[in-house]
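# Close look at the chain arrangement
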Amino acid sequence: MSEERVTKILTNPQLSPIKRMLEKDHAIDCLFLLYMGKGKWKDAKDYMRKHGLTLSDGTFRMRMMEIESLGMAKSTPIDPLKKFWTITRKGENITKLLLDMFEKL
């Protein structure tokens, strides 16, 4: 039954943080950017602008930190203020599922 499946997902303590993160502004955009290897702010900004999309520096950094805290990315310091994020296997798996879902829509 679908209610049982939904309830299981909504009440699962391991899935709940991922669901909350995905609901936030630009979370899916940031996962897609990571998947494309654009985990540095300059690369992400250039890509978004090239395609007429917006993403603020603050939002990018907040989403990346959240994605990292959930094990979907890891960061490497560039200097004391900047980081470069790369996608993890977990992040890649979730991003591929999202891509498949959107392509099927």
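Since we're looking at a predicted model, the values are computed, not measured.

### Some points on the environment of Leu33
When you line up the elements, Leu33 lands in helix α3 (residues 27–35). Spatially, the C-alpha atoms of Leu33 and Ile87 are 9.2 Å apart, while their sequence positions differ by 54 residues. Apart from residues lying up to four places away in sequence, Leu33 is in contact with Lys38, Gly39, Ala44, Tyr47, Met48, Leu55 and Phe60.

### Re the pairing of strand β2 (residues 83–87)
Across five bridges, strand β1 (residues 73–77) lies against β2 in antiparallel orientation. Residue pairing across strands places Lys74 opposite Thr86, the latter belonging to β2. From the end of β1 to the start of β2, which pair antiparallel, there are five residues.

### Examining helix α5 (residues 57–69)
Taking 1.5 Å per residue as the helical rise, α5 with its 13 residues ought to reach 18 Å, and the 18 Å between its terminal C-alpha atoms agrees with that figure. Among all positions in α5, only Thr59, Phe60, Arg63, Met64, Glu66 and Ile67 are buried. Mapping the buried residues of α5 onto a view down its axis gives an arc of 165°, with all of them on the same face. Residues of α5 that are buried in the fold lie against α2 (16–22), α3, α4 (41–50), β1 and β2. Looking one or two places after α5, you find Gly71, whose phi comes out positive at around 80°.

### Observations regarding the packing of α3 against helix α6 (residues 89–104)
The interhelical angle for the contact between α3 and α6, taken along N-to-C directions, is 115°, at an axis separation of 10 Å. Classified by the interaxial angle, the pair formed by α3 and α6 is roughly perpendicular. The crossing of α3 and α6 is left-handed. The segment α3 lies against α6, with Ile28, Leu31, Phe32 and Tyr35 engaging Glu92, Ile94, Thr95, Lys96, Leu98, Leu99 and Phe102. Of the residues in the contact of α3 with α6, the class split is eight nonpolar, one polar and two charged.

### Points about the nonpolar core
Of all hydrophobic cores here, the largest spans 21 residues; its most connected members are Met21, Leu31, Leu34, Leu55, Phe60, Ile67 and Met72. Elements with a contribution of two residues or more to this core: α2, α3, α4, α5, β2 and α6. Here the element with the most residues in this core is α3; it accounts for five residues. Beyond its immediate sequence surroundings of up to four residues, Leu34 is in contact with Gly39, Met64, Ile67, Ala73, Trp85, Thr86 and Ile87.

Definitions and cut-offs
Residues numbered from 1 in each chain as written. Predicted model: local features only at pLDDT ≥ 70, side-chain atom pairs only at ≥ 80, totals over all residues. Heavy atoms only, no water. Helix = DSSP H or I, 4+ residues; strand = E, 2+ residues; numbered from the N terminus. Contact = heavy atoms within 4.5 Å. Pairing = 2+ DSSP bridges. Expected span 1.5 Å × (residues − 1). Buried < 20%, exposed > 50% of the residue type's maximum accessible area, 1.4 Å probe, protein only. Arc of directions from axis to C-beta. Axes fitted to C-alpha atoms, helices over the stretch in contact; angles between N-to-C directions. Parallel < 35°, antiparallel > 145°, perpendicular 65-115°, else oblique. Left-handed = near helix turned anticlockwise from the far one by under 90°. Nonpolar A, V, L, I, M, F, W, Y, C, P; charged D, E, K, R; others polar. Core = buried A, V, L, I, M, F, W, Y, C linked by side-chain atoms within 4.5 Å.

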